[in-house]
Amino acid sequence: MYKSIVEAVFCHAKIQPQKLCLADDNDTVTYGEYADLIAKYAGCFVAQGIRKEDRVVVEACQTIDYLAIELALQLIGAIFVPVEHNCAIEKMASFANRAEAKAVIACREDAFPVALQYTFDQLKGLCEPAEAYIPEQFPVGDEICEILFSTGTTGKEKGITILHSNNIALAGNVMHGVEMEKDNVEMIPSPMNHSHGLRRYYANMFNGSTVILLGSVMNIKKFFDNLDTYGVNSMDLVPSALTVVLKLSKEKLAEYQDKIRYIQFGAAPMMEADKIKICQLLPRTRLYNFYGSTESGCICIYDFNRGDDKKHCIGKPAYNAEIIIVDDERREIVSSAENTGLLASRGGMNMPGYWQDEEETAKVLIDGIVYSNDVAYFDEDGDIILLGRKGDVINVGGNKVSPEEIENVCKTMPGVEDCGVVPFEDATRGIVPKIFVQLSKGTEFDAIAIRSYLASKLEPYKVPVYIEQIDLIPRSYNGKLLRKELK
């Protein structure tokens, strides 16, 4: 079987050269054309002096050329280092420094601390006369193919090293998890510098399926044009993108309830109102939530449209993943609702470590097991119940309270646009929940009404003691609540 994603693409190009492989907002390529384009870019890189294990920083775009550049680098054994689109120059330069990059490929010209730098247009010009690269052999599984840098604004940024074998294992997790068929046509608007979007793309390439890239879900006309033009039968959405689609399209998604086989979500928790709405609009569509991290990938999967609607459920371990629950000393335990622990995973999808950072690696990776700070347990059905991150879960008089549960309830209250819960140390009561609420335009703040609403739906110890209005709940680009900022 294939040892790398680029090998899979080239093999599919021989078997099904005329099958549609990729489409972006402006162009399409068959598998045969895509393999030729990758080979041309690879030949260009070799001619420019880029060699095996050289790191190349690439600014992400939702385009065929961007993805061809990625696989071309991997084909010659170089290491792909993606950064987000419109990344600040200083930030991109810092990633280039951290990776000790040989080259930078960006959308605009600027000065970077590297030997080689190109804009996409310049590189395309160099690529056209280049001789196609014909590999003597494809990359093998234990070689590093990419470094995915965290882009947080606080704390130490870490580069997660990814092997070809990691991406193969992750492709298996996705394919088996969503029951992907050979005629899959998946639309992916998720940013292609982020592990979430990249790994959905890899799964489809491994499977020989078709991927439709979308520049932005804000272009809702293009969103639905793609569904019709290409016969899209599956999608990948981060929760913030789902919120935009539901707001802009109203009830239109319901017209596709017999065409969309599945939608997979991930990267951040989903708003409860959106979850309810999408289930109503697409009652026969499999709606998957993937749990994971850049370090270990998609390791748990849950179809939340299966009918049981378990609170805080992240489903069962993915195809290539083994999940264990450990105590604070990282000893495996038999977990339950009364005996929770920290979630850890082992399997071929786990990273080998952080780039040139043994100290940080040792904090999360031991003997192939990636340890998280997420509090969880197995229930009686073998499903994994996730309560939240250690430090976020609030211990109220001995009761472990999930802030997400309170937030999900609060978001169902009319007039509440968004909210976030944090622990607060009260002088007389000890640790209690505090909630920040962002109200819809024109809604008057009424703490008593909010508390009464929550009290009607939650146990008394879960009802926030403090309620504060805030103009905007801080979230990352993919919708993840920045709880530290609230704290």
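Above this text sits the structure in question.
Quick caveat: nothing in here was measured; it's all calculated off a predicted structure.

Re the pairing of strand β12 (residues 262–265)
Argument step 1. Burial of β12 is two-sided: the residues Tyr262 and Gln264 facing one way and the residues Ile263 and Phe265 facing the other way are all buried.
Argument step 2. Examined bridge by bridge, strand β11 (residues 234–237) and β12 share four bridges and lie parallel to one another. By the bridge assignment, Ser234 is partnered in β12 with Tyr262.
Argument step 3. In terms of handedness, the path from β11 via helix α9 (residues 239–249) over to β12 forms a crossover that is right-handed.
Argument step 4. The pairing of β12 with strand β13 (residues 286–293) spans four bridges and is classified as parallel. Looking at β13, one finds that Gln264 is bridged to Tyr288.
Argument step 5. Remark: the β12/helix α10 (residues 272–281)/β13 crossover connection has right-handed handedness.

Looking at the sheet that holds strand β26 (residues 466–469)
Argument step 1. Spatial strand order, β24-β25-β26: three strands in an open sheet with mixed pairing. Taken across any chain shown, the strands that pair with only one partner, and hence form the sheet edges, are β24 (416–426) and β26. Strand-to-strand twist across the sheet, computed as the mean angle between neighbouring axes with direction ignored, equals 25°.
Argument step 2. With ten bridges connecting them, β24 and strand β25 (residues 430–439) associate as antiparallel partners. Bridge pairing links Cys419 to Val437 in β25.

Concerning helix α3 (residues 64–75)
Argument step 1. In this model, α3 (twelve residues) spans 16 Å end to end at C-alpha, consistent with the 16 Å of a helix rising 1.5 Å per residue.
Argument step 2. The element α3 is extensively covered by neighbouring structure, given that twelve of its twelve residues are classed as buried.
Argument step 3. Residues Ile64, Asp65, Tyr66, Leu67, Ala68, Ile69, Glu70, Leu71, Ala72, Leu73, Gln74 and Leu75 constitute the buried set of α3.
Argument step 4. Gly77 sits one or two positions beyond α3 and adopts a positive phi of about 90°.

Focus on the packing of aromatic side chains
Argument step 1. Summed over the entire model, instances satisfying the criterion amount to eleven aromatic pairs.
Argument step 2. Consider the rings of Phe265 and Phe304, whose centres lie 5.7 Å apart with planes at 40°: the pair is tilted. Within this pair, whereas Phe265 is found in strand β12, its partner Phe304 is found in the loop between β14 (297–303) and β15 (313–317), the two being separated by 39 residues in sequence. Grouping residues by exposure puts Phe265 and Phe304 together as buried.
Argument step 3. Considering the side-chain rings of Phe424 and Tyr466, the 4.8 Å spacing of their centres and the 55° angle between planes classify their relative orientation as tilted. Taken as a pair, Phe424 in strand β24 and Tyr466 in strand β26 lie far apart in primary sequence, 42 residues in all.
Argument step 4. With relative accessibility at 31%, the residue Phe424 sits in the partly exposed group.
Argument step 5. Pairwise contacts between aromatic rings join Phe223, Phe224 and Tyr256 into one cluster.

Quick notes on the environment of Leu170
Argument step 1. Summarising the element assignment, Leu170 is placed in helix α6 (residues 164–178).
Argument step 2. Given the relative accessible area of 0%, Leu170 is considered buried.
Argument step 3. Note: C-alpha distance between Leu170 and Gly348 (178 residues apart in sequence) is 8.0 Å.
Argument step 4. Aside from chain neighbours lying at most four places away, what touches Leu170 is Arg199, Ser296, Gly297, Cys298 and Met349.

So, how was this worked out
- Residues numbered from 1 in each chain as written.
- Predicted model: local features only at pLDDT ≥ 70, side-chain atom pairs only at ≥ 80, totals over all residues.
- Heavy atoms only, no water.
- Buried < 20%, exposed > 50% of the residue type's maximum accessible area, 1.4 Å probe, protein only.
- Helix = DSSP H or I, 4+ residues; strand = E, 2+ residues; numbered from the N terminus.
- Pairing = 2+ DSSP bridges.
- Right-handed = clockwise from strand over helix to strand, strands pointing away.
- Axes fitted to C-alpha atoms, helices over the stretch in contact; angles between N-to-C directions.
- Expected span 1.5 Å × (residues − 1).
- Phe/Tyr/Trp six-rings, centres within 6.5 Å; stacked < 30°, edge-to-face > 60°.
- Contact = heavy atoms within 4.5 Å.

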